[in-house]
Amino acid sequence: MKSLRLISISLILAIGSLFAQETNREIGITLFGGGFSSSNNIISEDLGLFGQATAKHITATAFGAHVTNWMSPNFGVESTVSFAPSAIEVSGFGESTEISAGLFFSSLKILVGGGQETRFNLGFGLGLVTSSYDELLGGSTHMTGALSAAVSIPMSKSVALRLGIDNNIHSVWWEFDGIESEAQLQNDLVFGLGLTVRNTY
């Protein structure tokens with residue numbers, strides 16, 4: 001983990017040095033609200049005569065922030081944090097219940113962008129997801145892949161409206177009395193609409 005962090009930091013610093021002479025660099029801070037949706041079950045087990053056991057994060061609200069540094073008109077880096085106060089719906093043996101299980105996401109991404117006034121960007125990088133219900137997820141924190149897409153529409157010289165989506169990709173499993181389930185691939189989507197305050201330097 002430490003070596004991966006060092007490689008990531010070194011990569012960002014090395015790329016940033018390539019743009020040391022660029023002008024019109026921009027930094028922006030976005031606060032957003034929106035929604036969270038998980039694409040897959042975190043548990044999907046065949047219980048034979050007892051049917052199917054499933055568990056999945058339910059759709060919930062989400063809120064968070066982006067800090068974006070454009071080192072050239074078409075290249076930047078972005079740090080994102082968000083929280084979704086979700087719950088897990090567990091079904092099995094003919095019963096269903098919900099367990100509170102909020103999710104906290106954080107990521108660091110490289111951005112590629114385009115456009116003049118209205119700007120579009122795509123991002124890719126790495127991140128972490130932390131759940132408030134550790135027993136079911138088999139650990140409190142997991143590494144994720146992070147993909148994003150966003151559009152920014154200027155409202156003034158220093159303020160823009162931003163609409164975006166972040167995909168946090170990771171695997172989840174559970175363990176109970178020494179029995180471990182199959183890992184389930186997750187695409188945890190965070191949709192956000194917010195305002196960006198930006199400044200050139």
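Just above sits the structure.
Residues numbered from 1 in each chain as written. Predicted model: local features only at pLDDT ≥ 70, side-chain atom pairs only at ≥ 80, totals over all residues. Heavy atoms only, no water.

**Focus: the pairing of strand S14 (residues 184-200)**
Bridge count for strand S1 (residues 26-38) against S14 is 13 bridges, and the pairing is antiparallel. For Gly28, the partnering residue across the bridge sits in S14 and is Arg198. Relative to S14, strand S11 (residues 159-172) runs antiparallel, the two being bridged by 14 bridges. Of the residues in S14, the one forming a bridge with Asp166 is Val190. (Pairing = 2+ DSSP bridges. Helix = DSSP H or I, 4+ residues; strand = E, 2+ residues; numbered from the N terminus.)

**With respect to the environment of Val172**
Looking at where Val172 falls in the secondary structure, it is placed in strand S11. Residue Val172 is classed as buried on the basis of its relative accessible area, which comes to 1%. (Buried < 20%, exposed > 50% of the residue type's maximum accessible area, 1.4 Å probe, protein only.)

**Re the sheet that holds strand S10 (residues 141-154)**
Taken in spatial order, the 8 strands line up as S1-S4-S5-S8-S9-S10-S11-S14 and close into a barrel, and their pairing is antiparallel. For this sheet, the mean inter-axis angle between neighbouring strands, taken without regard to orientation, is 25°. Two strands pair when backbone bridges link them, and strand S8 (residues 103-114) and strand S9 (residues 119-131) are joined in this way by 12 bridges, in the antiparallel orientation. Note on S9: the bridge partner recorded for Leu111 is Gly123. (Axes fitted to C-alpha atoms, helices over the stretch in contact; angles between N-to-C directions.)

**Focus: the environment of Ser156**
Among the secondary structure elements, Ser156 is positioned in the loop between S10 and S11. Residue class for Ser156 comes out partly exposed when judged on its relative accessible area of 36%. Separated by 41 residues in the primary sequence, Ser156 and Val197 have C-alpha atoms spaced 9.7 Å apart.

**Observations regarding the side chain of Ser72**
By secondary structure assignment, the location of Ser72 is in strand S4 (residues 60-72). For Ser72, the side chain forms a polar contact with the main-chain nitrogen of Phe75, separated by 3.2 Å. (Polar contact = N/O pair within 3.5 Å; in protein donor to acceptor, adjacent residues only side chain to side chain.)

**Re empty space enclosed by the protein**
Scanning the entire structure with this criterion turns up 3 cavities of 30 Å³ or more. As for the largest cavity, its lining consists of 13 residues, of which Glu26, Thr68, Trp70, Ser152 and Thr196 are closest to the centre. Every element with two or more residues in the lining of the largest cavity is listed here: S1, S4, S9, S11 and S14. Residues that form the lining of the largest cavity fall into these classes: 2 nonpolar, 6 polar and 5 charged. (1 Å grid on protein atoms, 1.4 Å probe; cavity = no way out; pocket = protein on both sides within 12 Å on 5 of 7 lines; lining within 4 Å. Points joined across faces, edges and corners; volume = space filled by probe spheres on them. Nonpolar A, V, L, I, M, F, W, Y, C, P; charged D, E, K, R; others polar.)

**Some words on the nonpolar core**
Looking at soluble globular proteins, one finds that nonpolar side chains tend to be buried together. Phe32, Phe36, Ala60, Ala62, Ala84, Leu103, Phe105, Val129 and Val190 together form the largest nonpolar core, which totals 9 residues. Discounting chain neighbours no more than four positions away, the residues touching Val190 are Phe32, Gly35, Phe36, Ala62, Ser82, Phe105, Gly164, Ile165, Asp166 and Asn168. Within the second largest apolar cluster, 5 residues are counted, among which are Ile42, Ile88, Ala101 and Val172. (Core = buried A, V, L, I, M, F, W, Y, C linked by side-chain atoms within 4.5 Å. Contact = heavy atoms within 4.5 Å.)

**So, a nonpolar patch on the surface**
On the surface, Ile153, Met155, Leu161, Leu163, Leu193 and Leu195 cluster together to form a nonpolar patch covering roughly 550 Å² of accessible area. Listing elements by their share of the nonpolar patch, those giving two or more residues are S11 and S14. Along the chain, Leu161 turns up in strand S11. You can call Leu161 partly exposed: its relative accessible area is 30%. (Patch = residues over 30% accessible without salt bridge, like charges linked within 9 Å, V, L, I, M, F, W, Y side chains within 5 Å. Areas by Shrake-Rupley, 256 points an atom, 1.4 Å probe, with all protein chains shown as cover. Salt bridge = Lys/Arg side-chain N within 4 Å of Asp/Glu carboxyl O.)

So, to be careful, I would describe these as geometric facts and stop short of saying anything about function.
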